[in-house]
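Chain by chain, the residues:
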Amino acid sequence: MKIGLLGYGKMGKTIEKIALQRQHEIVLKVDTNTAHYNLEDVDVAIDFSTPDAAVDNILKCFSHNVPVISGTTGWLHHYDEVIALCKEREGTFLYASNFSLGVNIFFELNKTLSKLMANLPEYNISMEEIHHTQKLDAPSGTAISLAEDIIMNSKYGTWTLDAAKPKELHINAKRIEDVPGTHEVNYTSEVDTISIKHTAHSREGFALGAVIAAEWIAGKKGVFSMKDVLNIG
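What you see is a predicted model; the values in this text were computed from it and never measured.

Undergrad: What is the right way to read the sheet that holds strand β11 (residues 222-224) from this model?
TA: In any sheet, the strands associate via hydrogen bonds between backbone groups, in a parallel or an antiparallel arrangement. With parallel pairing, six strands are arranged side by side in an open sheet as β2-β1-β3-β4-β5-β11. Both outer strands of the open sheet, β2 (25-30) and β11, are each paired with one neighbouring strand and no more. Neighbour-to-neighbour, the strand axes of this sheet turn through a mean angle of 20 degrees, independent of strand direction. The pairing of strand β1 (residues 2-6) with strand β3 (residues 44-47) spans four bridges and is classified as parallel. Within the sheet, the bridge partner assigned to G4 lies in β3 and is A45.

Undergrad: Help me out: how do you make sense of helix α3 (residues 79-88) in this one?
TA: Since the α-helix turns once every 3.6 residues, residues separated by three or four places project in the same direction. Regarding α3, the residues found buried are V82, I83, L85 and C86. Summarising the axial view, the buried residues of α3 lie within an arc of 165 degrees, below the 170-degree limit, and thus occupy one face. More than 90 degrees from the buried face of α3, the exposed residues found are D80, K87 and E88. Backbone geometry just after α3 places E90 at a positive phi near 55 degrees.

Conventions adopted
- Each chain has its residues counted from 1, following the order in which its sequence is written.
- Confidence filtering applies because this is a predicted model: local features only for residues at pLDDT of at least 70, side-chain atom pairs given and counted only at 80 or more, and all residues used for totals across whole chains, interfaces and linings.
- Each side-chain value is derived from all of the structure's non-hydrogen atoms; neither hydrogens nor water enter the calculation.
- Pairing between two strands requires that DSSP report at least two bridges joining them.
- Per the convention used, a helix needs a DSSP run of H or I reaching at least four residues, while a strand needs a run of E reaching at least two, with both numbered from the N terminus.
- Axis angles are defined between N-to-C directions and span 0 to 180 degrees, where every axis is a line fitted to C-alpha atoms and, for a helix, only to the segment in contact.
- The classification of residues rests on relative accessible area computed with a 1.4 Å probe and restricted to protein chains. Under 20% of the type maximum is buried, over 50% is exposed, and intermediate values are partly exposed.
- Note: the arc covers the axis-to-C-beta directions of the helix.

What follows is the structure in structure tokens.
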């Protein structure tokens, strides 16, 4: 398979390494200095760019009938617009806030735990996420996904990075050098604490999931998620 990398930072380079190991060919590398690029030879594009570039990259893929996998966060205020255009143009799109296979299992654990705890208001919920200092957005897209699933099944109405008010779920977002990604959800009462936690040891888990998603989506049409790729949920 011929892969185009829209974003060639640390994550793009790791995806390249994994893709080559899995016998794919990298035919396009787009970095922040690339003004124009050609998608003609690309079978699937993988976008790990920047919040400012992601939407244009995705729409260009739709225009050229190229399936696109997006792991860029910070642009989701345009998500509904992008999905509508994908359907209108009969494109192929898969977005995930996190491509790690383990994190996608963690998402399902988080949903299940939030449902189990829904009728126990004596527990207060808090979250912590830690990422490397180069990560541009806070909280992470993964943390937002976790928070939204909790909010659907709890007394909380929204999430916040600030000191939490009643019915606000606090996310403590930390940026520490060389931390690939850690996410923790805590349910705390006066008598005990229940915690679930996912810790990434390297970027390779994210890259592997993105390449597996690209392999899976080839030849398909529509809007998909990692739940489709992993056949879960």
